[in-house]
Amino acid sequence: MNKSRLEAFSDGVFAIVLTIMVLELHAPASAEPSALLALAPALLSYALSFLYVGIYWTNHHHLFQLADRVNLRVLWANLHLLFWLSLLPFATAWIAGHHRDMAPVAAYGLILLMCSVSFLVLKRTLRASESNHPEAARILGQGRKNNTSILLYALAILLSQWAPLMASAIYAALAIVWLLPTRAATSASRP
């Protein structure tokens, strides 16, 4: 199957996720600059979620640059990722209003965890479909960064019971880690 329909559909979902998240931001009732302070949790939650969506969109783009075609398994693995990403606006709105409470912080982490798991599944499914292209399979790698992220998300979810702000700090730190390029992503490209 041609990969262009998958990429176009995915780009649309990414755009909708970002749109829904920004629509959850509401202007303060007052024109005073101090009124923005009350919006700080919502703005920070939005910024972190925007960053995560951007990271997934960028990595998704690079992932599919390596593919020539996709099969049914890749389509379903991609839908699995998009499902979890589509829940991010809900979790972002919930954590924005309750950033010191265990349930919203744990739910946010669970969605990030499942995004990471589903991205790893997509990556491995795509790697298997590209077995005729050893260079692409090599660049796709094993997913060590994903595996480490999954463990840290799980740790943060557990930690959210006692220290929700510390769990949120782990979510932010993982976003920063994903901003750092990996050697495989920067050293090779496929024509």
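Rules used in this analysis
Residues numbered from 1 in each chain as written. Predicted model: local features only at pLDDT ≥ 70, side-chain atom pairs only at ≥ 80, totals over all residues. Heavy atoms only, no water. Core = buried A, V, L, I, M, F, W, Y, C linked by side-chain atoms within 4.5 Å. Buried < 20%, exposed > 50% of the residue type's maximum accessible area, 1.4 Å probe, protein only. Helix = DSSP H or I, 4+ residues; strand = E, 2+ residues; numbered from the N terminus. Contact = heavy atoms within 4.5 Å. 1 Å grid on protein atoms, 1.4 Å probe; cavity = no way out; pocket = protein on both sides within 12 Å on 5 of 7 lines; lining within 4 Å. Points joined across faces, edges and corners; volume = space filled by probe spheres on them. Nonpolar A, V, L, I, M, F, W, Y, C, P; charged D, E, K, R; others polar. Axes fitted to C-alpha atoms, helices over the stretch in contact; angles between N-to-C directions. Parallel < 35°, antiparallel > 145°, perpendicular 65-115°, else oblique. Expected span 1.5 Å × (residues − 1). pLDDT = per-residue confidence, 0-100. Left-handed = near helix turned anticlockwise from the far one by under 90°.

**Regarding the nonpolar core**
One finds Tyr52, Tyr56, Phe64, Tyr108 and Tyr171 to be the most contacted residues of the largest nonpolar core, which totals 46 residues. Counting residues per element, the ones that place at least two in this core are helix 1 (4-23), helix 3 (40-65), helix 4 (72-86), helix 5 (88-97), helix 6 (102-129), helix 8 (144-159) and helix 9 (164-179). Looking at which element gives the most residues to this core, the answer is helix 6, with 12 residues. Every residue in contact with Tyr171, bar those within four places of it in the chain, is listed here: Leu48, Tyr52, Val105, Ala106, Tyr108, Gly109, Leu112, Tyr153, Ala156 and Ile157.

**Some remarks on empty space enclosed by the protein**
Enumeration over the complete set of coordinates arrives at 1 cavity of 30 Å³ or more. Estimates place the volume of the largest cavity at around 50 Å³. Every residue lining the largest cavity is listed: Tyr52, Ile55, Tyr56, Ser116, Asn146, Tyr153 and Trp178. For the lining of the largest cavity, the elements supplying multiple residues, two or more each, are helix 3 and helix 8. Here the lining of the largest cavity gets 3 residues from one element, more than from any other, and that element is helix 3. Of the residues contributing to the lining of the largest cavity, the split by class is 5 nonpolar, 2 polar and no charged.

**Thoughts on the side chain of Ser149**
Within the secondary structure, Ser149 is located in helix 8. For Ser149, a relative accessible area of 1% gives the class buried. If near-sequence neighbours (up to four positions away) are discounted, Ser149 is found in contact with Ser116, Leu174 and Trp178.

**Observations regarding the packing of helix 1 against helix 3**
In helix packing, the relevant descriptors are the interaxial angle and the interaxial distance, both defined with respect to the helix axes. The geometry of helix 1 relative to helix 3 is characterised by a closest axis approach of 10 Å and an angle of 175° between their N-to-C directions. With respect to each other, helix 1 and helix 3 are oriented roughly antiparallel. Judged by residue contacts, Leu6, Glu7, Ser10, Asp11, Phe14, Val17, Leu18, Met21 and Val22 of helix 1 engage Tyr46, Ser49, Phe50, Val53, Tyr56, Trp57, His60 and Phe64 from helix 3. Grouping the constituent residues of the contact of helix 1 with helix 3 by class yields 12 nonpolar, 3 polar and 2 charged.

**Here we look at helix 3**
An α-helix turns once per 3.6 residues; consequently, residues spaced three or four apart project the same way. A rise of 1.5 Å per residue sets the reference length of helix 3, with its 26 residues, at 38 Å; its end C-alpha atoms lie 37 Å apart and thus fit the reference within 8%. Those residues of helix 3 that sit buried are Ala42, Ser45, Tyr46, Leu48, Ser49, Tyr52, Val53, Ile55, Tyr56, His60, Leu63 and Phe64.

**Brief notes about the confidence of the model for the chain**
With 90% of its residues at a pLDDT of at least 70, the chain reaches an overall mean of 90. Across residues 185-191 the pLDDT falls below 50, and counting only partners more than four positions away or on other chains, this stretch makes 10 contacts in the model.

**What about the packing of helix 8 against helix 9?**
Contact geometry of helix 8 with helix 9 gives a least axis separation of 8 Å together with a crossing angle of 165°. Classed by the angle they form, the pair helix 8 and helix 9 counts as roughly antiparallel. The handedness of the crossing between helix 8 and helix 9 comes out as left-handed. Where helix 8 approaches helix 9, its residues Lys145, Asn146, Ser149, Leu152, Tyr153, Ala156, Ile157 and Leu159 are matched on the opposing element by Pro164, Met166, Ala167, Ile170, Tyr171, Leu174, Val177 and Trp178.

**What about the layout of surface pockets?**
Take a probe with the size of a water molecule and roll it over the atoms, and the empty space left behind shows itself. Counted as a void, the second largest pocket has a volume near 260 Å³. Around the second largest pocket, the lining residues are Pro41, Leu44, Ser45, Leu48, Ile95, His99, Tyr108, Leu165, Ser168 and Ala172. Per-element accounting of the lining of the second largest pocket gives the leading share, 4 residues, to helix 3.

**Here we look at the environment of Arg69**
Looking at where Arg69 falls in the secondary structure, it is placed in the loop between helix 3 and helix 4. Sequence separation of Arg69 and Met1 is 68 residues, and the distance between their C-alpha atoms is 5.4 Å.

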